[in-house]
Amino acid sequence: MALLGQFPALAGVDLEIGPREVVLLQGPNGAGKSSLLRLCAGLLRPESGDATILGIDLAVNRAAVRRSVGLLGHDTALYDDLSVIENLRFWAEVSRVDPNAVLPALARLGVQSRLNDVAVRHLSAGQRRRVALAAVVVRRPQLWLLDEPHAGLDQAGRDLIDQLIRDAAKAGATVILASHELDRTVDLATRHLTVAGGTITRDVVVGAGGSDVA
Amino acid sequence: MWSSEPEVAMWRDARLVALKDLQIEWRSRTTFSQVVPFAGLVLVLFGFALDANRPVLERATSGLFWVTVLFVSNLAVQRSTSIETTDGARRALLLAGIEPASVYVGKAVAVAVQLLLVEMLLVGGVIVLYGAEIQDWPLLIATCVVATAGIAGAGTLLGALVAGVRARETVLPVLLLPVLAPVLIGATRAFDDALGSVAVDGWAWLGLLAGFGAINVVLGALAYGVLLEET
Amino acid sequence: MTETPTVAQGETRTVGTASRTTWWLGLVVLVGTVALVLLAFFVAPEDDEQRDAVRMIFIHVPAAFLTYVAFVTTAIGSIMWLWKRSVWWDITAYAAAEIGVIFCALTLFTGSIWGRPTWNTYWDWGDVRLVTTLILFLLMVGYLSVRSMGDDEATSTRAAVVGLIAMINLPIVNRSVEWWFDRTLHQKSSLTDGNLEDMTLFTMVFGLVVFGLFFGWAMIHRFRVGWLERELRVGDLDDALAARRAEAIDHQESST
């Protein structure tokens, strides 16, 4: 169980996910998908129950998980007044990531190089999203946590994300993404979880049979 | 590529955060286009209020100077805090795995630098507007540096405290100003000595200011993490 | 009746914080207060210089003492919350701050009007303790402000940090005000000039005891209110969890 202020965002989740899995979280708004992602990132404290992410027990040391995960939330964590490059270099340096990875990551995300020195406040929402994703890519996380990654992106951007996810899984990482774009993500995921009321109501492994989790 | 020693890493992170904050301030130009004019205006308004009475102004210069600095510090801390509250930056700082104490020191240094800049200009202001004559420059400068360290230290911690609170702008001064009362007392007396207006031992007051600064900076470094994590 | 009641789901009950303990304590306080008033106004002698105004001392000193008791309680409570996540201490810290701020206001008020007939001034900057108490008042108001902004754990943590900051900085404030008056030309005042007559001393100690009992009485009540609020919050949480789980079941049913 995990609380947001006083609200039980997560009300009992039983889950086990392994490497190379691409897990899709679907469910209604307010179901707790974002909270589950934040819990996995080591940002939410589990009030009760056990949670082990990448071998680290969250009750003991949440902070240790954070370096190994990459979270893309609804916000971008970009400083408006700094340029794209300045933002990414800052985040790379404080995350102990090689700053030389920044330019390739931006290119990978299709951010035009002419935008590199532009202040983030002048970018469109879609461009900001790409930059925020580049920040995740640069970290090369073992666990990717993506909260509606396709939102605000054009068709090319969405294809790009799908490719990124496939590549990440192939490289051995685990990807958990929450999305409402079912038709696109259905082929991508190896597992579908339905989240509702702060808990998991359906757990379907693609290819095998499904199970309804009561 | 990076030193594996944690202490060195912490200072490095603090420097990165400080540079980032200062860069943002420079780009947005708030310090120069808003804070400095505000400080100047306060000096002028005091002049009006005290009826341009030269002897009174001279006697009151130290106090007016530091009251102005306190008002400015409220603004500076607000600005410093609001940089991180935009768009999930606080969460990203946690995810980056950076030591909270490093964030604290970096932000406090950035606030201190801005305050020192404003103080330099204010010194010019009081010389021109209030006819102040500086008799002991080393004392003056030392007072500014030490007092500012304390202000930035206490302010940055309180800034983080009010970061998630809804009436942030009004609650910060209520907390900040009582805590900074010793700075006002000490810095004003030290300035009195430096301006030669009152026979007090300014350097002794500097000792008090240094004590205040040291204690609050240590407290800040220790408590900042809790606030970043939990609130 | 000394057990803290829990409210069952859906039930509405009016609950009081009174108990046998508080009833007897309250009675003692009431009797004690009457006795104190009699002692203070009729039995204790006048002061040669200050005449009747000195009677302020019988409220001022106990109120000041208890203000600091309350402050220390809040400080300890803050530390215990930050260190051990102790809910009991968190509630106590909040209760002590609320009651303490009232005693603090009383201290300042009596300290202020005490000066008026004697030195013709409402506020004596030279009284180090009074000035420090004023800053303490402001800090307590700040603490209560932060507290009132929410009622979750984050709020408790914020308030606890304020308590910590106040606890560490108040001695510095005191020191700096002290130095200020030592090193400048202000005239020092004194609340107690040392020579206290027996009756005055007795009345003051008696007043301390009565005020202390009143403080205890108020703390018990206020603590219980805080405790009940927590119970309600936990109850709300249980309701919220139940509602949350119902959401899940609804969703399952509607999608299959």
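Keep in mind the model is a prediction, meaning the values are calculated, not measured.

A. Quick look at the overall build of chain C. Of regular secondary structure, chain C possesses 6 helices and 0 strands. The linear arrangement of helices and strands in chain C, starting from the amino end, is α-α-α-α-α-α. Per-residue burial over chain C gives 39% buried out of 256 residues. Of all intrachain contacts in chain C linking residues separated by at least 6 positions in sequence, the fraction that spans at least 24 positions is 76%.

B. Here's a closer look at the overall build of chain B. Scanning chain B from N- to C-terminus turns up 9 helices and 0 strands. Listing every helix and strand of chain B by position from the N terminus yields α-α-α-α-α-α-α-α-α. Whereas a compact globule of 231 residues would reach a radius of gyration of roughly 17 Å, chain B reaches 18 Å, a difference of no more than 12%. Overall size of chain B, expressed as C-alpha extent along the three principal axes, is 55 × 35 × 30 Å. Out of the 231 residues in chain B, the part that is buried amounts to 51%. Residue pairs at least 24 apart in sequence account for 85% of intrachain contacts in chain B once pairs closer than 6 positions are excluded.

C. Geometry of the interface of chain C and chain B. If you look at the interface, chain C gives 27 residues, while chain B gives 25 residues. Sorting the residues of the side of chain C that touches chain B by element identifies α4 (128-147) and α5 (153-183) of chain C as the ones contributing at least two each.

D. Quick look at the interface of chain A and chain C. Each partner contributes to the interface: chain A provides 12 residues, whereas chain C provides 12 residues. Mapped onto the side of chain A that touches chain C, the elements with two or more residues apiece are β2 (7-10) and β10 (199-205) of chain A.

E. Representation of helix α1 (residues 6-28) of chain B. All names here are of chain B. Helix length check: α1, at 23 residues, gives a terminal C-alpha distance of 33 Å against a target of 33 Å (1.5 Å per residue), a fit within 8%. Taken residue by residue, α1 has Asp13, Ala14, Val17, Ala18, Lys20, Asp21 and Glu25 as its buried positions. Residue Arg29 follows α1 closely and has a positive phi angle near 60°.

F. Highlighting unusual backbone geometry. All names here are of chain A. The residue Ala77 is not glycine, and still its phi comes out positive at about 55°. Assignment of secondary structure puts Ala77 in the loop between β6 (69-72) and α3 (84-94). The class for Ala77 is buried, based on 22 C-beta atoms found within 10 Å. Unusually for a residue other than glycine, Arg96 sits at a positive phi of about 60°. Counting through the fold element by element, Arg96 comes out in the loop between α3 and α4 (102-108). Residue Arg96 is classed as partly exposed on the basis of its 15 C-beta neighbours within 10 Å.

G. Molecular detail of the environment of A:Ala151. Along the polypeptide, A:Ala151 turns up in the loop between β7 (143-147) and α6 (155-170). Each C-alpha atom, one on A:Ala151 and one on A:Leu103, is 23 Å from the other, the two residues being 48 residues apart in sequence.

H. Examining the nonpolar core more closely. Ranked by size, the top nonpolar core spans 200 residues in total, and within it A:Cys40, A:Ala134 and A:Leu145 carry the most contacts. When near neighbours in sequence (up to four residues on either side) are disregarded, A:Ala134 contacts A:Leu88, A:Ala105, A:Leu106, A:Leu109 and A:Val111.

I. Just the confidence of the model for chain C, in detail. Confidence in the prediction for chain C averages 82 pLDDT; 83% of positions are at 70 or higher. Both confidence scores are given for the complex: pTM 0.89, ipTM 0.91.

J. Representation of the packing of helix α8 (residues 181-195) of chain B against helix α9 (residues 202-230) of chain B within the structure. Residues and elements named next belong to chain B. Contact geometry of α8 with α9 gives a least axis separation of 8 Å together with a crossing angle of 155°. One finds that α8 runs roughly antiparallel with respect to α9. Considering the relative orientation of α8 and α9, their crossing is left-handed. Contacts from Pro182, Val183, Gly186, Ala187, Arg189, Ala190, Asp193 and Ala194 of α8 reach α9 at Gly202, Trp205, Leu206, Leu208, Leu209 and Phe212. For the contact of α8 with α9, the class distribution of residues is 10 nonpolar, 2 polar and 2 charged.

Each value, and the rule that gives it
- Residues numbered from 1 in each chain as written.
- Chains lettered and ligands numbered in written order.
- Predicted model: local features only at pLDDT ≥ 70, side-chain atom pairs only at ≥ 80, totals over all residues.
- Helix = DSSP H or I, 4+ residues; strand = E, 2+ residues; numbered from the N terminus.
- Buried ≥ 20, exposed ≤ 12 C-beta atoms within 10 Å, placed from the backbone.
- Contact = placed C-beta atoms within 7 Å.
- Rg over C-alpha atoms; globule rule 2.2 N^0.38 Å.
- Expected span 1.5 Å × (residues − 1).
- Core = buried A, V, L, I, M, F, W, Y, C linked by C-beta atoms within 7 Å.
- pLDDT = per-residue confidence, 0-100.
- Axes fitted to C-alpha atoms, helices over the stretch in contact; angles between N-to-C directions.
- Parallel < 35°, antiparallel > 145°, perpendicular 65-115°, else oblique.
- Left-handed = near helix turned anticlockwise from the far one by under 90°.
- Nonpolar A, V, L, I, M, F, W, Y, C, P; charged D, E, K, R; others polar.

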